[in-house]
Amino acid sequence: MVAADVLPCVRIWSDKCSSKYGRRRPFILAGSLMISVAVTIIGFSADIGYLLGDADEDHRNFKGT
C-alpha cells in the first residue's frame, strides 16, 4: 500500500534529479540502505522489544512446523 503512494513521488523526484551519479543511482542507493536497515531491525525485533521493556511473559513460543 505504501508503494502505491511513494513510488510515483520517487519517480517524479528521480526524473528531476541532476546528480553527477545519474538520475536513478542516488535513489537506488538510498532505497537499498533503507531496506538493509529495515531487514536488520526485523531480524533483531525480539531483542529490541526486550530492550524496550517487553516482559518475558509477553513472549509467545512459536509452534509452527
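That block above? That's the structure.
Residues numbered from 1 in each chain as written. Predicted model: local features only at pLDDT ≥ 70, side-chain atom pairs only at ≥ 80, totals over all residues. Heavy atoms only, no water.

A. Seen up close, the overall build of the protein. Looking only at helices and strands, one finds three helices and zero strands in the protein. The order of α-helices and β-strands along the protein, N terminus first, is α-α-α. Residues classed as buried in the protein amount to 2% of the 65 residues present. Total accessible area on the protein is roughly 6,200 Å²; 65% of this is exposed by carbon and sulfur atoms. (Helix = DSSP H or I, 4+ residues; strand = E, 2+ residues; numbered from the N terminus. Buried < 20%, exposed > 50% of the residue type's maximum accessible area, 1.4 Å probe, protein only. Areas by Shrake-Rupley, 256 points an atom, 1.4 Å probe, with all protein chains shown as cover.)

B. Region of the structure containing the environment of Arg23. Turning to its location among the elements, Arg23 is positioned in the loop between helix H1 (2-16) and helix H2 (25-43). Along the chain, Arg23 and Trp13 lie ten residues apart, while their C-alpha atoms are 8.9 Å from each other. Discounting residues that sit within four places of it in the chain, Arg23 has contacts with Ser14, Asp15 and Cys17. (Contact = heavy atoms within 4.5 Å.)

C. Local environment of the pattern of salt bridges. All chains considered together, the criterion is met by one salt bridge. Put simply, Asp15 and Arg24 hold a salt bridge, and the shortest N to O gap is 3.1 Å. Under the relative-accessibility criterion, Arg24 is labelled partly exposed at 39%. (Salt bridge = Lys/Arg side-chain N within 4 Å of Asp/Glu carboxyl O.)

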